[in-house]
Amino acid sequence: MAAPATPRASLILPRASSQSSAGGLTSDRFAASNRRRGDFVFVVNPSGANGRTGKQWKQLLPHLRTRLADQCNICECITSGPSHAIDVTREAIKDGADAVIAVGGDGTLHEVVNGFFWKGSPVRALDRGPDHSTALGLIPLGTGSDFARTFGWTNDPRDAIDRIVRGVKSKLDIGVMEGPNRKPHFFVNVADIHLSAKAGYFASMYKRFGNLCYVFGALRAFWGHNNRDMRIKVNGGEWRTVHKVTALCIGNAKYFGGGMKITPTADPFSGNLEVVILQDFKWYDFLLKLHRLYGGTHLSVNGVSSIRVQSIEVAEVTANGDIFVQSDGEHFGFLPTKFSVLPGVVDFFC
């Protein structure tokens, strides 16, 4: 799934530095880095949450400068469209940034995480030495911000800035998915298949309605939905058939769909993924059990199973090429797909 070519982002640099016409890192910033002032690049999606992200970011920026300006060079990057955050994250890492912070929702975080990789391998700084690594941060300001829920974080962006100021980091797992072309794509939260992925695809068309987009997406996905038999292969073992699958979710973290705790035992620092399979659900099952899905108490419900894996391959029993796959709420494609985990591959401010 090749990213479309997009214009490079503009980097609004600290006042002590001059801005290059190409939007790259300037010699002044490298001099600052050599004086042990790291470059922190804030990747902002101004259109997130129907434009609220851009407005909130402008209000937040003075506070951010007050808290962080003495510790690092604050570099602001405003994205201009889909996949742009991927490109600017890769550029920032290659130029030696000490941190890239996603400012927005799960979609922005998803793109930033994918920018940490190129052709399946982590991106490295070009001239900072083999021991240098770029940390990942998050200021959740988007529609869903489901990844932040796993940690019990509040919606106050000032709390997120406090976490970055403290500088405490842990090794974060990243999920990998490969479609028929074997090109790796990365996810940090939850990937899912069939009904939930179809609902996510339609929900993206209604984001102007906020969290109600998930309700509208689900209603459209149920129209004409049929449970399907699928084949799975866990940790490279033998293929087996799972009958009447309604949805299959692969969690690096716990929440998706605007607060549904779908993979309730997932831990993004464990080196494993949690796979939850819903089988033979009818529309009324969701109505009756919705409170359990949101509360994370559904693993004991009939027709629900959970396993922990390092990898899982999922394919149709009868190949029609019409079973949706998504990751972090972004449409990926269709089955077959392989999912696996890269344990502790990114330092994360937490």
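Conventions adopted
- Residues numbered from 1 in each chain as written.
- Predicted model: local features only at pLDDT ≥ 70, side-chain atom pairs only at ≥ 80, totals over all residues.
- Heavy atoms only, no water.
- Helix = DSSP H or I, 4+ residues; strand = E, 2+ residues; numbered from the N terminus.
- Buried < 20%, exposed > 50% of the residue type's maximum accessible area, 1.4 Å probe, protein only.
- Contact = heavy atoms within 4.5 Å.
- Phe/Tyr/Trp six-rings, centres within 6.5 Å; stacked < 30°, edge-to-face > 60°.
- Axes fitted to C-alpha atoms, helices over the stretch in contact; angles between N-to-C directions.
- Parallel < 35°, antiparallel > 145°, perpendicular 65-115°, else oblique.
- Left-handed = near helix turned anticlockwise from the far one by under 90°.
- Nonpolar A, V, L, I, M, F, W, Y, C, P; charged D, E, K, R; others polar.
- pLDDT = per-residue confidence, 0-100.
- Pairing = 2+ DSSP bridges.
- Salt bridge = Lys/Arg side-chain N within 4 Å of Asp/Glu carboxyl O.

> Hey, could you go over the overall build of the protein chain for me, with residue numbers and the actual values?
Looking only at helices and strands, one finds nine helices and 18 strands in the protein chain. Put simply, the protein chain has 350 residues, and 55% of those count as buried. Excluding contacts between residues fewer than 6 apart, the proportion of contacts in the protein chain whose partners are at least 24 apart in sequence is 73%.

> I'd like a rundown of the packing of aromatic side chains, residues and numbers included.
To describe a pair of aromatic rings, one takes the distance between the centres and the angle between the planes. For the structure shown, the criterion picks out 18 aromatic pairs. With a centroid separation of 5.8 Å and an interplanar angle of 70 degrees, the aromatic rings of phenylalanine 147 and phenylalanine 348 are classed as edge-to-face. Of this pair, phenylalanine 147 sits in helix α5 (residues 146-149) while phenylalanine 348 is found in strand β18 (residues 337-349), placing the two residues 201 residues apart along the sequence. The exposure class assigned to phenylalanine 147 is buried, which follows from its relative accessible area of 0%. Aromatic side chains phenylalanine 151 and phenylalanine 348 sit 5.8 Å apart centroid to centroid with 40 degrees between the ring planes, which places their arrangement in the tilted category. With phenylalanine 151 in the loop between α5 and α6 (157-166) and phenylalanine 348 in strand β18, the pair connects residues that are 197 residues apart, well separated along the chain. Of the residues examined, phenylalanine 151 reaches a relative accessible area of 23% and is grouped as partly exposed.

> Break down the packing of helix α2 (residues 52-68) against α6 for me, citing the residues and quoting the values.
The interhelical angle for the contact between α2 and α6, taken along N-to-C directions, is 20 degrees, at an axis separation of 10 Å. With respect to α6, the axis of α2 lies roughly parallel. The two elements α2 and α6 cross, and the hand of that crossing is right-handed. Where α2 abuts α6, its residues Leu60, His63, Leu64, Arg67 and Leu68 lie against Pro157, Arg158, Ile161, Asp162, Ile164 and Val165. Of the residues contributing to the contact of α2 with α6, the split by class is seven nonpolar, one polar and three charged.

> Which residues make up the confidence of the model for the protein chain, and what are the values?
Residues at a pLDDT of 70 or more form 89% of the protein chain, whose mean pLDDT is 88. Confidence over residues 1-35 falls short of pLDDT 50; this stretch has 72 contacts with residues more than four positions distant or in other chains.

> If you had to explain the pairing of strand β16 (residues 324-327) to someone new, which residues and values would you point to?
Neither face of β16 is left uncovered, since the one carrying Phe324 and Gln326 and the one carrying Val325 and Ser327 both have all their residues buried. As judged from the three bridges shared by strand β10 (residues 190-194) and β16, these two strands associate in the antiparallel manner. Among the inter-strand pairings, alanine 191 is bridged to a residue of β16, identified as serine 327. Strand direction decides the pairing type here: β16 and strand β17 (residues 330-334), joined by four bridges, are antiparallel.

> Describe the pattern of salt bridges, with residues and values.
Note on pairing: side chains with opposite charge can pair once their charged atoms come close. Applying the stated criterion across every chain, the model contains nine salt bridges. Among the ionic pairs, arginine 128 bridges to aspartate 98, the shortest N-O distance being 3.8 Å. Here the residue arginine 128 occupies a position in the loop between β6 (121-122) and β7 (135-140), and aspartate 98 occupies one in the loop between α3 (84-94) and β4 (99-104), the gap between them amounting to 30 residues. With a relative accessible area of 30%, arginine 128 lands in the partly exposed category.

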